[in-house]
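# Architecture and fold: a report
One-letter residues, chain by chain:
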Amino acid sequence: MAKVTVVGAGNVGATCANVLAQKEVASELVLIDIKEGLSEGKILDMFQTASLLDFDTAIRGVTNDYAATAGSDVVVITSGLPRKPGMTREELIGVNAGIVKEVVANVVKYSPEAILLIVANPMDTMTYLAAKTSGLKKNRVIGMGGALDSARFRCYLSKALNVNTNEIEGMVIGGHSDTTMVPVVSKATYKGVPVTNFVGEDAIKQVVADTMVGGATLTKLLGTSAWYAPGAAAAYVVESILRNQMKVVPSCVMLEGEYGQRDICIGVPAVIGRGGVEKVLEIPLTAEEKALFDKSADAVRATNAVLKEINVL
Ligand SMILES: NC(=O)c1ccc[n+]([C@@H]2O[C@H](COP(=O)([O-])OP(=O)(O)OC[C@H]3O[C@@H](n4cnc5c(N)ncnc54)[C@H](O)[C@@H]3O)[C@@H](O)[C@H]2O)c1
C-alpha cells in the first residue's frame, strides 16, 4: 500500500491529512512541519478520531525529520505563508520560494520516486520552481489550484441554477490567480447541457467574477486563507493518483507545446493517475477563452521571472 507525506501542518496541510486519513487513501501518512510539536499534536488529535470515524490509516507527525518521510509515493507541499486580507497570492513569492525550494530538496532526497503535489502559493510559480529543481520527470510534479477553483466554480454555478453541485460540470484553467484564472464557461454543463441554456449572461458573469475572487472572499471573512476546500481539493488529487482513478482534474503542469505554451507550469485539464500526469487534455476553447488563457500565461511568466531576480532559480 501507499505512503503519503504532507509537508506543512497548518490549516491546509492538516485538513488534507485529515481527509486522506479518514478516506484511507494511503496505508501510511506522515505530517511534517518545522514548528516543534505542531504535527505531532495535530496527528494525536486526528488519531483520537480513528475509533469514532472508523479508519485505520497509520498516521505519524514529526518535526523536521525528513527520514520519517522516506519512500513516500506522494508528497503534498503546503509549507509556506498564507495570504492575509488584501494580499495577492503573488506577493507571497519572496518568503515561499525559499521554503518550497528547501522542502523539495529535502523531500526528493528521501523519496526520489515521489510524485509532488504543490499547494503553497503563488502555486503556479512554486510548481515551476519544483519542476526545475527537483530533478523529477515533468509528469511527477503537479500543482493544485484548478481542483479548488473548479469546485468553487461548480458551487457558484449550482447556486445560480439552484441545482445540486454534483449535477454541474465545470472547470477553471490558467493561473491560480484572482485576476487571470479562466473559468471555462463554454464547457460548463448541467447534466451535459450548457449552463448558458439555464441562466442569463449577467448571472454567468457574476458566477465567473465570484469564482475568480473565491479565495480572496474567504481570506477577507476568515482573516487568513481558506482550508476546508483547499485541503479537500489536494486530497482529491492524491486520491486520483494513488487509486489510479484517471480523473480529469484541472491541474498545474509543465507544458511542452500544449495550448501553444512551453516552459511554463499552468492549469490545464489533466488526466491524473498512478503515474501522476498521465495526459494533458487539449480541449477546444473559444477564441475569447484562449486569449484569456494566454494572458494568464503571461502573468504566470512574469511571476516566474521573479525567481531569477531573487536568486532562487
Ligand atoms: N493552491 C491552492 O489552491 C491553495 C489554497 C489555499 C492555500 N494555499 C497556500 O498554501 C499554503 C499554506 O496555507 P495554510 O493556510 O495552511 O498556512 P498555515 O500558516 O496555516 O500553514 C503553513 C505551515 O507551513 C509550515 N512551514 C513553514 N515553513 C516550513 C518549512 N520550511 N518546512 C515545513 N513546514 C513549514 C508552518 O509552520 C505552518 O504550520 C500558503 O502558501 C497558502 O497561500 C494554496
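### Side note on the packing of aromatic side chains
Enumeration according to the criterion identifies three aromatic pairs in this entry. Taking the centre distance of 5.8 Å and the plane angle of 50° together, the rings of Trp 227 and Tyr 228 count as tilted. By relative accessible area, which is 22% here, Trp 227 ends up partly exposed. For Tyr 228, a relative accessible area of 63% corresponds to the exposed category. Aromatic side chains Tyr 259 and Phe 293 sit 5.5 Å apart centroid to centroid with 40° between the ring planes, which places their arrangement in the tilted category. Remark: Phe 293 occurs in helix α10 (residues 287–309) and Tyr 259 occurs in the loop between β12 (247–256) and β13 (262–273); sequence separation between them is 34 residues. Assessed through its relative accessible area of 0%, Phe 293 is described here as buried.

### Thoughts on unusual backbone geometry
Note the cis peptide between Asn 121 and Pro 122, where omega equals -5°. Tracing the chain through its elements places Pro 122 in the loop between β5 (115–118) and α5 (123–133). Unusually for a residue other than glycine, Asn 244 sits at a positive phi of about 50°. By the secondary structure assignment, Asn 244 is in the loop between α9 (228–242) and β12.

### Some words on α5
In terms of residue burial, α5 counts as a mostly covered element, since nine of its eleven residues are buried. The complete set of buried residues in α5 reads Met 123, Asp 124, Thr 125, Met 126, Thr 127, Tyr 128, Leu 129, Ala 130 and Ala 131. Here the buried face of α5 lies against α4 (93–110), β5, β6 (141–143), β12, β13 and α10. Positioned one or two residues after α5, Gly 135 has a phi angle of 80°, which is positive.

### Examining the site of the ligand
Looking at the ligand, there are 28 residues lining it, with Asn 11, Val 12, Asp 33, Leu 81 and Met 144 nearest. One of the backbone N or O atoms of Asn 11 is found 2.9 Å from an oxygen atom in the ligand. When the ligand is considered free in solution it has 860 Å² of accessible area, and contact with the protein chains removes 89% of it. Elements with a contribution of two residues or more to the shell around the ligand: α1 (11–22) and α4. No other element matches α4, which puts three residues into the shell around the ligand. Shared between two domains, the shell around the ligand takes at least three residues from each, and those domains are domain 1 (3–143) and domain 2 (146–309).

Reading guide: rules and limits
Residues numbered from 1 in each chain as written. Predicted model: local features only at pLDDT ≥ 70, side-chain atom pairs only at ≥ 80, totals over all residues. Heavy atoms only, no water. Phe/Tyr/Trp six-rings, centres within 6.5 Å; stacked < 30°, edge-to-face > 60°. Buried < 20%, exposed > 50% of the residue type's maximum accessible area, 1.4 Å probe, protein only. Helix = DSSP H or I, 4+ residues; strand = E, 2+ residues; numbered from the N terminus. Contact = heavy atoms within 4.5 Å. Near = heavy atom within 4 Å. Polar contact = N/O pair within 3.5 Å; in protein donor to acceptor, adjacent residues only side chain to side chain. Areas by Shrake-Rupley, 256 points an atom, 1.4 Å probe, with all protein chains shown as cover. Domains from an automatic or database assignment.

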